[in-house]
Amino acid sequence: QVQLVESGGGLVQPGGSLRLSCAASGIIFSMAAMRWYRQAPGKQRELVAAITSGGTRNYKDPVKGRFIISRDNARNTLYLQMNSLKPEDTAVYYCNAVGLDGRSRWGDYWGQGTQVTVSS
């Protein structure tokens, strides 16, 4: 069974930083495409950043230059370093994985989310 467990969210002041983690199990992590999404109250879930199995990164415009997505294949963990946080970054952040599980079945998997609140 594939599990994605996010951690690292919390309350931070504008201009502050947080690092989110997503621990993956049950998936061939090194081969998976990994993404961070977020969903603010009353809004649709949106893609924030993505990293391929080969390490190619992509970011949506609102977070470019402030957020860094990375992965540690030895630890089966995805990260999102968030700097210069703004109130509009407030949202529930979700980890997403697309790849093969231990039985070579292709799937699209989600974590339970972690709340990030940016407020003074």
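You'll find the structure just up there.
As the structure is a prediction and not an experimental result, all values here were calculated from the model.

Colleague: For this particular structure, what's the right way to read the state of the cysteines?
Modeller: Formally, a disulfide is one covalent bond, and it connects the sulfur atom of one cysteine to the sulfur atom of another. Overall, the coordinates contain 1 disulfide when judged by the stated rule. In this model Cys 22 forms its disulfide with Cys 95; the gap between the sulfur atoms is 2.1 Å. The sign of the -75° torsion about the S-S bond sets the Cys 22-Cys 95 disulfide as left-handed. You can see Cys 22 sitting in strand β3 (residues 18–25) and its partner Cys 95 sitting in strand β9 (residues 91–100), a full 73 residues away along the chain.

Colleague: Honestly, the sheet that holds strand β1 (residues 3–7) in this entry has me stumped. Any pointers?
Modeller: Working definition: the strands of a sheet are paired by backbone hydrogen bonds and lie parallel or antiparallel to each other. With antiparallel pairing, 4 strands are arranged side by side in an open sheet as β1-β3-β8-β7. Taken across any chain shown, the strands that pair with only one partner, and hence form the sheet edges, are β1 and β7 (67–72). With strand direction ignored, the average angle separating the axes of adjacent strands in the sheet is 15°. Bridge count for β3 against strand β8 (residues 77–82) is 6 bridges, and the pairing is antiparallel. When the bridges of β8 are listed, Cys 22 appears paired with Leu 78.

Colleague: Please clarify how the environment of Gly 113 should be interpreted in this entry.
Modeller: Tracing the sequence through the fold places Gly 113 in the loop between β10 (106–110) and β11 (114–118). Separated by 107 residues in sequence, Gly 113 and Glu 6 have C-alpha atoms that sit 6.1 Å apart. Beyond its immediate sequence surroundings of up to four residues, Gly 113 is in contact with Glu 6, Val 92, Tyr 93 and Tyr 94.

Cut-offs applied
- Residues numbered from 1 in each chain as written.
- Predicted model: local features only at pLDDT ≥ 70, side-chain atom pairs only at ≥ 80, totals over all residues.
- Heavy atoms only, no water.
- Disulfide = S-S within 2.5 Å.
- Helix = DSSP H or I, 4+ residues; strand = E, 2+ residues; numbered from the N terminus.
- Pairing = 2+ DSSP bridges.
- Axes fitted to C-alpha atoms, helices over the stretch in contact; angles between N-to-C directions.
- Contact = heavy atoms within 4.5 Å.

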